[in-house]
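Commentary on secondary and tertiary structure
Read off the chains here:
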Amino acid sequence: MLLRAWVGYVGALVMFAAVGCGGGDSSGSPSASGGASGGDASVDGSGAVAGSGAAAGSGGGTGAGAGAGGVDAGDAGPDSGVDCSKYVGVTLDAACAQMATAMCGVYQCIPSTSPFASDSVCLERMKLTCATSVSLPGSGLVAADMAWMAASLEALSCVDVYTQPSLLTKIGMRLPVCGSAGTLANGQGCHGSQQCTSGYCTSAYNSCGVCTAKLVAGESCSQDAQCLSGACRHSKCVTLQPLGGPCTTYLDCAEDMYCEVPGKCAAKLPAGGACGGDDAACASGLVCGATDTCEAPTLGQVGASCSVLVKLSCDVFHDVDCDLATQKCVAAPPALPGEACGGSSGKHCGPGVSCVAATCVTDAQDSAACDDTKGPRCVPPASCQNGTCSAVPSNCKSN
């Protein structure tokens, strides 16, 4: 099962990149169901992420990019078209509380991927993540940025989160939308891109990196955030192709497009469109179903019929997976601390537990002993510093 790969995409690149620490993946999101991998599709559908942090059982969100100025990663900065006046007067404490509630609401859609042992821990730690990101030396983020991010997250439905996790990363990559670029020059030590004048820090989350100039088209890259265009494809910064432009995969095309035969970017297909097994061909909130037409994801519960070739035919985000032998949805509970995970086991660890050296290990609390290689790791946003979990970022040295 590829759920843990999806966790890596959403957990590390979303929760933390969303506050300026890290960048987007260049390979697109993996299949979350062991079925056909595929493209991102956004929105309408059941299960909106409610502003209270609870995932509503029915009713759609307003849609990806709705309300908050969209999530075009290439449109960041104070001139991004976002109406920041609606956030005037919001305090950092209030903005971080709203952002934490919104992000924990996302995790209620996908509890199997949460790094937090409970909703209350999620709220506490995400609020801390938010406040730390704004207060880092040289950070250009302001309270209004966090309020905008919260509104953007609240606009996503659970179906968005299931079918298009890259939307979450793109929200983070737009920051700052109301603040300004950071004040640290290239070569200075940093934790996150929000600190840098260039808009890019080489660090992974909560580790030290250096501020570095963004790359132009054609230069080698490993993350979307490294590129001025916001797109790293096949290890090169690229300019995404418009409608009718040449392509080899959907990753070559601009938003809301896919790569159709014979290799041209085309508008994504509505429900009922012939998708030929390609999830990327389907529009908002759709996957390519068993009949090779675009349809809403089934998200089957235990006992339902399923296909390992169809993305999200079982509700993997609530520990239900498609059994290859019976083609039925079966319970797939996470491995317990001390049990095998990842690799050939096909198991993921539960909330508040990390897979370290193929074994589930409960994450350590602040001030507890830690080891990122052997375990335990730290409860986010803390990092392992000199063998001890600390939520206070270390001082980063400049080149």
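Conventions used here
Residues numbered from 1 in each chain as written. Predicted model: local features only at pLDDT ≥ 70, side-chain atom pairs only at ≥ 80, totals over all residues. Heavy atoms only, no water. Helix = DSSP H or I, 4+ residues; strand = E, 2+ residues; numbered from the N terminus. Buried < 20%, exposed > 50% of the residue type's maximum accessible area, 1.4 Å probe, protein only. Contact = heavy atoms within 4.5 Å. Areas by Shrake-Rupley, 256 points an atom, 1.4 Å probe, with all protein chains shown as cover. Disulfide = S-S within 2.5 Å. Axes fitted to C-alpha atoms, helices over the stretch in contact; angles between N-to-C directions. Parallel < 35°, antiparallel > 145°, perpendicular 65-115°, else oblique. Left-handed = near helix turned anticlockwise from the far one by under 90°. Nonpolar A, V, L, I, M, F, W, Y, C, P; charged D, E, K, R; others polar. Core = buried A, V, L, I, M, F, W, Y, C linked by side-chain atoms within 4.5 Å. Polar contact = N/O pair within 3.5 Å; in protein donor to acceptor, adjacent residues only side chain to side chain. Phe/Tyr/Trp six-rings, centres within 6.5 Å; stacked < 30°, edge-to-face > 60°. Expected span 1.5 Å × (residues − 1). Salt bridge = Lys/Arg side-chain N within 4 Å of Asp/Glu carboxyl O.

1. Some details on the overall build of the protein chain
What the protein chain contains, in helices and strands, is six helices and 14 strands. Counting across all 399 residues of the protein chain, residues that qualify as buried make up 52%. A fraction of 51% describes how many contacts in the protein chain between residues 6 or more apart in sequence connect residues 24 or more apart. Taken as a whole, the protein chain presents about 15,600 Å² of accessible surface, with 56% of it coming from carbon and sulfur.

2. Details of the state of the cysteines
Think of a disulfide as a covalent bridge from one cysteine sulfur atom to another cysteine sulfur atom. In this structure the tally under the stated criterion is 19 disulfides. Shown here is the disulfide that connects Cys196 with Cys211, its sulfur atoms set 2.1 Å apart. The S-S bond linking Cys196 to Cys211 shows a torsion near -80°; that makes this disulfide left-handed. Here Cys196 is found in the loop between β1 (189-190) and β2 (209-210), whereas its partner Cys211 is found in the loop between β2 and β3 (232-233), with 15 residues between them in sequence. Note on Cys196: relative accessible area 1%, which makes it buried. Two residues share a disulfide in this structure: Cys247 and Cys259, whose sulfurs sit 2.1 Å from each other. The disulfide joining Cys247 to Cys259 has a torsion of about 95° about its S-S bond and is therefore right-handed.

3. Quick notes on the packing of helix α2 (residues 92-109) against helix α4 (residues 143-154)
One way to put it is that α2 packs onto α4 with a least axis distance of 8 Å and a crossing angle of 25°. Taken as axis vectors, α2 and α4 run roughly parallel relative to one another. For the element pair α2 and α4, the recorded crossing hand is left-handed. Facing Leu92, Ala95, Cys96, Gln98, Met99, Ala102, Met103 and Val106 of α2, the residues of α4 in contact are Ala143, Met146, Ala147, Met149, Ala150, Ala151, Leu153 and Glu154. Broken down by class, the residue content of the contact of α2 with α4 amounts to 14 nonpolar, one polar and one charged.

4. As for the nonpolar core
In terms of nonpolar packing, the biggest core is built from 43 residues, with Ile110, Met126, Met146, Trp148, Met149, Leu153 and Tyr162 touching the most fellow members. Every element with two or more residues in this core is listed here: α2, α3 (119-135), α4, α5 (158-163) and α6 (166-174). With 10 residues, the single largest contributor to this core is α2. Residues Ala266, Leu269, Ala280 and Ala281 belong to the second largest nonpolar core, which totals 12 residues.

5. Description of the side chain of Ser114
Its location among the elements puts Ser114 in the loop between α2 and α3. A distance of 3.1 Å separates the side chain of Ser114 from the backbone nitrogen of Phe116, its partner in a polar contact. Ignoring anything within four residues of it in the chain, the contact list for Ser114 reads Tyr107, Gly350, Pro351 and Gly352.

6. Topic: the packing of aromatic side chains
Summed over the entire model, instances satisfying the criterion amount to two aromatic pairs. Here the aromatic rings of Tyr107 and Phe116 are separated by 6.4 Å at their centres, their planes lie at 90°, and the arrangement is edge-to-face. The exposure class of Phe116 is buried, given its relative accessible area of 2%.

7. Topic: the environment of Thr197
Secondary-structure assignment places Thr197 in the loop between β1 and β2. Relative accessible area serves as the criterion here: at 47%, Thr197 is assigned to the partly exposed category. On a C-alpha basis, the gap between Thr197 and Ser139 in space is 9.3 Å, while along the polypeptide they are 58 residues apart. When sequence neighbours within four positions are dropped, the list of residues in contact with Thr197 reads Ala181, Gly182, Thr183, Leu184 and Ala185. Polar side-chain contacts of Thr197 include one of 3.1 Å to the backbone oxygen of Gly182.

8. Considering the packing of α4 against α6
As a packed pair, α4 and α6 sit with axes 10 Å apart at the nearest point and diverge in direction by 160°. Between α4 and α6, the angle falls in the class roughly antiparallel. The way α4 lies across α6 gives a crossing that is right-handed. Here Trp148, Met149, Ser152 and Leu153 of α4 lie close against α6, whose contacting residues are Leu168, Ile171 and Arg174. Here the contact of α4 with α6 is built from residues that sort into five nonpolar, one polar and one charged.

9. Overview of α4
In this model, α4 (12 residues) spans 17 Å end to end at C-alpha, consistent with the 16 Å of a helix rising 1.5 Å per residue. Judged by how many residues are buried, α4 sits mostly within the fold: 10 of 12 residues are covered. Taken together, the buried positions of α4 are Ala143, Ala144, Asp145, Met146, Ala147, Trp148, Met149, Ala150, Ser152 and Leu153. Residues of α4 that are buried sit in contact with α2, α3 and α6.

10. Observations regarding the pattern of salt bridges
Enumeration according to the criterion identifies four salt bridges in this entry. With a closest N to O distance of 3.0 Å, Lys127 and Asp93 form a salt bridge. In this pair, Lys127 sits in helix α3 while Asp93 sits in helix α2, placing the two residues 34 residues apart along the sequence. For Lys170, the salt bridge is made with Glu255, and the minimal N-O distance between the two is 2.4 Å.

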